[in-house]
Amino acid sequence: MLCIGVGNAYRRDDAAGLEVAALLQGTHLTVRQLSGEGAQLMLAWRDAPHVIIIDAVSSSGVPGTIYRLDAAVDPLPAYFFRCSSHAFGVAEAVEMGRALDELPAELIIYGIEGADFREGVGLSPPVAAAVAEVAVRIQRL
Amino acid sequence: MSRKTIKVDYLARVEGEGGLSIKMKDDRVVDVQLRIFEPPRFFEAFLQGRSFMEVPDITARICGICPVAYQMSSCHAMESIAGVQVDGMLRELRRLLYCGEWIESHALHTFMLHAPDFLGYPDAIQMAKDHPDLVKLALRLKKHGNDIMVRLAGREIHPINVRVGGFYRVPTRQELLSLVDDLKWSRDAAREAVEALAGLPFPEFEQDYEYVALRHPDEYPFNEGRLVSNKGLDIDIADYDQHFVEVHVAYSSALHSRLKKRDNYHVGPLARYNLNFDRLPSSVKKIAKAHKLEPPVNNPFRSIAVRGLETLFAVEEALRIIESYEPPPLPYVEVVPRAGTGHGCTEAPRGILYHRYTLDDNGIVLDARIVPPTSQNQKTIENDLWRFVEQGIATNMEHDLLAHTCEQAIRNYDPCISCSTHFLKLDFEQV
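Remember, it's a predicted structure, so these values are computed and weren't measured experimentally.

**Observations regarding the sheet that holds strand β4 (residues 66-70) of chain A**
Within a beta sheet, neighbouring strands are joined by backbone hydrogen bonds and run either parallel or antiparallel to one another.
Residue and element names in this part refer to chain A.
Inference 1: Judged by pairing direction, the sheet is mixed, and its 5 strands sit side by side in the order β2-β1-β3-β5-β4 without closing on themselves. In this open sheet, the two edge strands, each paired with only one partner strand, are β2 (30-34) and β4. With strand direction ignored, the average angle separating the axes of adjacent strands in the sheet is 20°.
Inference 2: Running over the sheet, helix α1 (residues 16-24) touches β1 (2-6), β2, β3 (50-57) and β5 (106-113) and is turned about 140° from β1.
Inference 3: Sheet contacts for helix α2 (residues 38-45): β1, β2 and β3; angle to β2, the most-contacted strand, approximately 170°.

Written out as structure tokens, the structure reads:
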């Protein structure tokens, strides 16, 4: 199982995915931390049959809410994730992978609703709790 | 009398946040505003007080797409203050790094962001369903551009191996040779790409621009040259401030650049290409001629095909450099700081990027000025929109198509809005 934590460490809650990945280091899982640039993601999951992506979400929901999406079933709303350079981020990479028939056999995406995406470091308390929860859930898989 | 407005609240498929507003009265355009509301980031201010050695790494953070341009312009400026010339293989490695950036940036913009406009798709994902081979080709080309950057500079975004005077570490010959097979594939792919791009349907829109680009005695320009234009400009980059001025407009957080003697001007692939076609290798010229792309190319919509030719050039140049590469004895030239003012101007994928720094005796930055390509193109983009909308009205172009083509026209410039928002003084005027 390949786990990819995505985000920007210097945009507070946007680091949620990176923090989950950090908690999963040293477990039986293969872990990577990436910025979320779409083309890089598509390369990262190439040849990996089972992939989990963890990313921060900005959808006006309750901070700390955990979303679980199965890419094989759910099309990803582009507005859902924090946008990245030149608007080719996680959602676009997944949909592009689908269009090119290059998605992993199993691709699960965990989203964590963030509260604060301003510049700076440190997660807000509900997001930090959600990060720990997602890490536990993934380890149980 | 009728009033109409074309309004695009958020521009898609450009880097950073911007919008567009075009006001019309009867059949005339009365106002065009390319609104850049990405907040300014004050880089020039917080460079003050930092060591000259930190500047390439700090300014690289201005852009995730063209960090090499920021590193190169700042390194050249610092070296000019110290009186140091970086040449030989170190200079070649700098060109190689720039090749990587051009390939990845052009491949991304051309195919993922701009081509959908021409082929009638809302985005690259929808385009991929009908043109999967084209999209796969673009993604692989981009990757091989990234590979050059990773091999030479540690990583593809915000590289960490560039320093004033050269590099922290130079690659072995074997490390670079390992890129050759992929670059040979890229050369074929870029030729195929040019063919596909040259055959796209282009709106009729020939314009009389003042093109501004670097010009070098022997090379298609990356790092060095004089600043020239097709309307008589021919200056040393140190004289930039005497000829160019930045103007604040209330609706944009990016300054507008103008030529003091004339007005707006055009930087980027079209400018480089029209002013430096004779510096391209004959192999690239031949392909350009085969696809009827000889200069002058004055239709900005055809810049997408010129980006394809520049990608081919960058791949060929990378192969040329790698094939003759021998590691230099030292990875950098020692640069001893001294007080003074220096200038750097290099060709970012989207056009000239000018830096000016003043240092004290200890190499501490006293003053910094950065003029990115997108702020230089802003006024030209607005003028294009003005004329294009009037042309569209005159030919009874349908409103939605006109609005969409206006966005496409902005993307002709591959604007990098994050880069362009850099000004220091917020001085809003009530009108």
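Now that the structure has been shown, the text picks up again.
**A word on the environment of G166(B)**
Residues and elements named next belong to chain B.
Inference 1: With respect to the element layout, G166 can be found in strand β5 (residues 166-167).
Inference 2: Residue classification places G166 among the buried residues on the basis of 26 C-beta atoms within 10 Å.
Inference 3: On a C-alpha basis, the gap between G166 and A198 in space is 38 Å, while along the polypeptide they are 32 residues apart.
Inference 4: Setting aside anything within four residues of it in sequence, one finds G166 in contact with V86, L90, P331, Y332 and V333.

**Examining the environment of L93(B)**
Residue and element names in this part refer to chain B.
Inference 1: In this fold, L93 is placed in helix α4 (residues 88-119).
Inference 2: Considered as a pair, L93 and L152 are 59 residues apart in the sequence and their alpha carbons are 8.0 Å apart.
Inference 3: Aside from chain neighbours lying at most four places away, what touches L93 is L152, F167 and V170.

**Things to note about the interface of chain B and chain A**
Inference 1: Contacts between the two partners involve 19 residues from chain B and, on the opposite side, 13 residues from chain A.
Inference 2: The element best represented in the side of chain B that touches chain A is helix α6 (residues 132-153) of chain B, accounting for 6 residues.
Inference 3: Taken together, the residues of the side of chain B that touches chain A break down into 12 nonpolar, 1 polar and 6 charged.

**As for the nonpolar core**
All names here are of chain B.
Inference 1: Among the nonpolar cores identified, the biggest contains 139 residues, and M78 and L309 are the most heavily contacted of them.
Inference 2: Among the elements that line this core, the one with the most residues is α4, at 13 residues.
Inference 3: Not counting residues up to four positions away in its chain, the partners in contact with M78 are F52, V55, V164, V335, G342 and Y357.

**Description of helix α8 (residues 180-198) of chain B**
Residue and element names in this part refer to chain B.
Inference 1: End to end, α8 covers 27 Å across 19 residues, agreeing with the expected 27 Å (1.5 Å per residue, within 8%).
Inference 2: Every buried residue of α8 is accounted for by L183, S186, A189, A190, A193, V194, L197 and A198. Looking straight down α8, one finds that the buried residues subtend no more than 155° of arc, so they occupy a single side. Exposed side chains of α8 directed beyond 90 degrees from the buried face belong to D181, K184 and D188.
Inference 3: In this structure, the buried side of α8 is in contact with α4, α6, α11 (282-290) and α12 (303-323).

**A closer look at the packing of α4(B) against α12(B)**
Residues and elements named next belong to chain B.
Inference 1: At a minimum axis distance of 8 Å, the contact between α4 and α12 shows a crossing angle of 155°. It follows from the interaxial angle that α4 and α12 lie roughly antiparallel. Regarding α4 and α12, the two cross each other, and that crossing is left-handed.
Inference 2: For the contact of α4 with α12, a count of residues per class yields 12 nonpolar, 6 polar and 5 charged.

**A look at the sheet that holds strand β8 (residues 234-235) of chain B**
Residues and elements named next belong to chain B.
Inference 1: Taken in spatial order, the 3 strands line up as β6-β7-β8 in an open sheet, and their pairing is antiparallel. The sheet is open, and its two edges are formed by β6 (212-215) and β8, each paired on a single side.
Inference 2: Relative to strand β7 (residues 226-229), β6 is paired through 4 bridges, and the arrangement is antiparallel. Note on β7: the bridge partner recorded for A213 is V228.

**Side note on the pairing of strand β3 (residues 28-36) of chain B**
Residues and elements named next belong to chain B.
Inference 1: Two elements, strand β2 (residues 18-25) and β3, share 8 bridges in a ladder whose sense is antiparallel. When the bridges of β3 are listed, L20 appears paired with L34.
Inference 2: Where β2 folds back on β3, the antiparallel hairpin that results is connected by 2 residues, among which D26 adopts a positive phi of roughly 55°.

**Notes on unusual backbone geometry**
Inference 1: In the segment running from P295(B) into P296(B), the intervening peptide bond is cis, with an omega of 0°.
Inference 2: Positive phi is not limited to glycine here, since D101(A) has a value of about 60°.
Inference 3: Looking at where D101(A) falls in the secondary structure, it is placed in the loop between α3 (90-99) and β5.
Inference 4: Although it is not a glycine, K292(B) adopts a positive phi angle of roughly 55°.
Inference 5: Examined against the element boundaries, K292(B) turns out to sit in the loop between α11 and α12.

**Quick notes on the confidence of the model for chain B**
All names here are of chain B.
Inference 1: For chain B, mean pLDDT is 90; residues scoring 70 or higher make up 92% of the total.
Inference 2: Throughout residues 422-431 the model reports pLDDT below 50, and contacts reaching past four residues in sequence, or to other chains, amount to 16 contacts.
Inference 3: The complex model carries a pTM of 0.88, and its ipTM stands at 0.77.

What counts, and where the lines are drawn
Residues numbered from 1 in each chain as written. Chains lettered and ligands numbered in written order. Predicted model: local features only at pLDDT ≥ 70, side-chain atom pairs only at ≥ 80, totals over all residues. Pairing = 2+ DSSP bridges. Helix = DSSP H or I, 4+ residues; strand = E, 2+ residues; numbered from the N terminus. Axes fitted to C-alpha atoms, helices over the stretch in contact; angles between N-to-C directions. Contact = placed C-beta atoms within 7 Å. Buried ≥ 20, exposed ≤ 12 C-beta atoms within 10 Å, placed from the backbone. Nonpolar A, V, L, I, M, F, W, Y, C, P; charged D, E, K, R; others polar. Core = buried A, V, L, I, M, F, W, Y, C linked by C-beta atoms within 7 Å. Expected span 1.5 Å × (residues − 1). Arc of directions from axis to C-beta. Parallel < 35°, antiparallel > 145°, perpendicular 65-115°, else oblique. Left-handed = near helix turned anticlockwise from the far one by under 90°. pLDDT = per-residue confidence, 0-100.

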